[in-house]
Each structure stands twice: as structure tokens, then as C-alpha cells.
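Descriptive structure summary
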Amino acid sequence: MASKAVRGMDRKERKRQPGPIRAENAFMQAAIDEALEGIGRGHGGPFGCVIVRDGEIVGRGHNRVLAEHDATAHGEVNAIRDAGRRLGTHDLRGCELYTTGEPCPMCLCACLWANIDRVWYGCSIADNARIGFRDEAFDARFGSRESFGDYLKETDREACLELFDAYLGTGPETY
């Protein structure tokens, strides 16, 4: 059965949509589904994100850099904005964020500003570079991620690597 993200797409969009990818964690699966929607619609890179509070998804977003012509329209930023609107607050204490790729410095700072308790990511910054994103160059300017301790936790990397490979198979625009 097609995922919710795939249902409702027109035939042209569906043709560009990668096949099923399964994560062990349900929230990472939701982030992957969000990324697949964005890939299928040509919105940007393979970065999907959900924000969870008390076991429920309260915010969703995917990379919309190409769709919005906005360099800041990353999945995490869009999910933070969505959660803030839904919850009626800028303070997301008590929330955890699940994202398909380790957050770039901008998104990591946005998570900290929003008071998100923990960030779960699938692919690492090095994996992001493998598919053409330049997060490592920015990271080098800002210093080590070691100072974040257990704030950043990896989960479901294999499923997210499948997502990244599927993204590469679409012949994406490099940006």
C-alpha cells in the first residue's frame, strides 16, 4: 500500500517517488515519509523532520529550499515553525526532533533556540556530504559537535541511507 505521502500525488510526481523505505522507529519513519513527499514534489533535498511531544507528532517539515527559493527552508526549521504554530508557542521544551540527516549548524542552532530536548538523526554530516551537501564545510567553521554530548543521537541510519540513495537516483539538482 502506498504511503500517505505518495497517495494524492499526480502521476508525474509519483514517477519520481522512490520505493518504500522502512525505519525501526515510528517517528523516524514519519520523518522519512515527510522527506519522500518533498523529494517526490521536487521541493529540495532528502531531509524530512517531525517533532514529538508526549508520544505524539506536533510538527512536520521537509526541505523546501528549491520550492520556496529560500536557503533557510530546511526540514528542521519548517518543522519547528509548524510545531510552534500548532502548539501556540515558541518554546518547544518537552519535545524531541527526528530528522533524516544530522542537522546543519543553522538547524542545530534553531533546535537550541526552540528549547528542543533532544535531536535524533539518521544520516551523519559525512553522509550529507556524500550526496552533495556542504554541511561539513560549515561545521568546520563552527567547531566540534562533541560539545553537544548526548543532545544529538543517531537512529535508523540504514533506512536513512536508503532514502539518500533513492534521492541520488532521482538525478537531483545540486545546490
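Residues numbered from 1 in each chain as written. Predicted model: local features only at pLDDT ≥ 70, side-chain atom pairs only at ≥ 80, totals over all residues. Heavy atoms only, no water.

**Considerations on the pattern of salt bridges**
Under the criterion given, the structure shown has 9 salt bridges. Arg-64 is the partner of Glu-68 in a salt bridge, and the nearest nitrogen-oxygen pair spans 2.5 Å. By relative accessible area, Glu-68 is classed as partly exposed at 41%. We classify Arg-64 as partly exposed; its relative accessible area is 23%. Between Asp-150 and Arg-118 there is a salt bridge, with its nearest N and O atoms 3.2 Å apart. One end of the pair, Asp-150, is in the loop between α7 (135-142) and β5 (152-154); the other, Arg-118, is in strand β4 (residues 118-123), with 32 residues separating them in the sequence. Since its relative accessible area comes to 47%, Asp-150 is described here as partly exposed. The network of salt bridges with shared partners includes Glu-102, Asp-139 and Arg-145. (Salt bridge = Lys/Arg side-chain N within 4 Å of Asp/Glu carboxyl O. Buried < 20%, exposed > 50% of the residue type's maximum accessible area, 1.4 Å probe, protein only. Helix = DSSP H or I, 4+ residues; strand = E, 2+ residues; numbered from the N terminus.)

**Description of the pairing of strand β3 (residues 95-101)**
A large share of β3 lies buried, amounting to 6 of its 7 residues. Inspection of the sheet shows strand β1 (residues 48-53) paired to β3 by 5 bridges, in the antiparallel sense. Residue pairing for β3: Ile-51 is matched across the bridge by Leu-97. The sheet contact formed by β3 and β4 spans 5 bridges and is parallel. Looking at β4, one finds that Thr-99 is bridged to Tyr-121. With helix α5 (residues 105-113) bridging β3 and the parallel β4, this β-α-β connection has right-handed handedness. (Pairing = 2+ DSSP bridges. Right-handed = clockwise from strand over helix to strand, strands pointing away.)

**Side note on the pairing of strand β2 (residues 56-62)**
Residues in a regular strand point their side chains to alternate faces of the sheet. Of the strand pairs in this sheet, β1 and β2 are connected by 6 bridges, and their pairing is antiparallel. When the sheet's bridge partners are listed, Ile-51 is paired in β2 with Gly-59. Following β1, the chain reverses through 2 residues before pairing antiparallel with β2; Asp-54 in that reversal takes a positive phi of roughly 50°.

**Looking at the confidence of the model for the chain**
Scored by pLDDT, the chain comes out at a mean of 89, with 89% of its residues at no less than 70. In this model residues 1-16 is a low-confidence stretch, pLDDT under 50, and it forms 20 contacts with partners more than four residues away in sequence or in other chains. (pLDDT = per-residue confidence, 0-100. Contact = heavy atoms within 4.5 Å.)

**Thoughts on the nonpolar core**
The biggest cluster of nonpolar side chains holds 19 residues, and the ones touching the most others in it are Ile-21, Met-28, Ile-32, Leu-163 and Phe-164. Of all the secondary-structure elements, those providing two or more residues to this core are α2 (26-41) and α8 (157-168). Here this core takes 7 residues from α8, the largest share from any one element. Apart from residues lying up to four places away in sequence, Ile-32 is in contact with Ile-21, Ala-23, Thr-100, Ala-159, Cys-160 and Leu-163. Residues Ile-80, Cys-95, Leu-97 and Tyr-121 belong to the second largest nonpolar core, which totals 17 residues. (Core = buried A, V, L, I, M, F, W, Y, C linked by side-chain atoms within 4.5 Å.)

**With respect to the packing of helix α4 (residues 75-87) against α5**
Relative to each other, α4 and α5 sit at 25°, their axes nearing to 8 Å. Judged on the interaxial angle alone, α5 and α4 are roughly parallel. Between α4 and α5 the crossing geometry is left-handed. Two secondary-structure elements touch here, α4 through Glu-76, Val-77 and Ile-80 and α5 through Met-106, Cys-107, Ala-110 and Cys-111. The class makeup of the residues in the contact of α4 with α5 is 6 nonpolar, no polar and 1 charged. (Axes fitted to C-alpha atoms, helices over the stretch in contact; angles between N-to-C directions. Parallel < 35°, antiparallel > 145°, perpendicular 65-115°, else oblique. Left-handed = near helix turned anticlockwise from the far one by under 90°. Nonpolar A, V, L, I, M, F, W, Y, C, P; charged D, E, K, R; others polar.)

**Re the environment of Ala-79**
Mapped onto the elements, Ala-79 comes out in helix α4. Judged by relative accessible area, which is 0%, Ala-79 ranks as buried. Along the primary structure Ala-79 and His-62 are separated by 17 residues, whereas in three dimensions their C-alpha atoms are 7.3 Å apart. The contacts of Ala-79, once residues within four sequence positions are left out, are Cys-49, Ile-51, Gly-59, Arg-60 and Gly-61.

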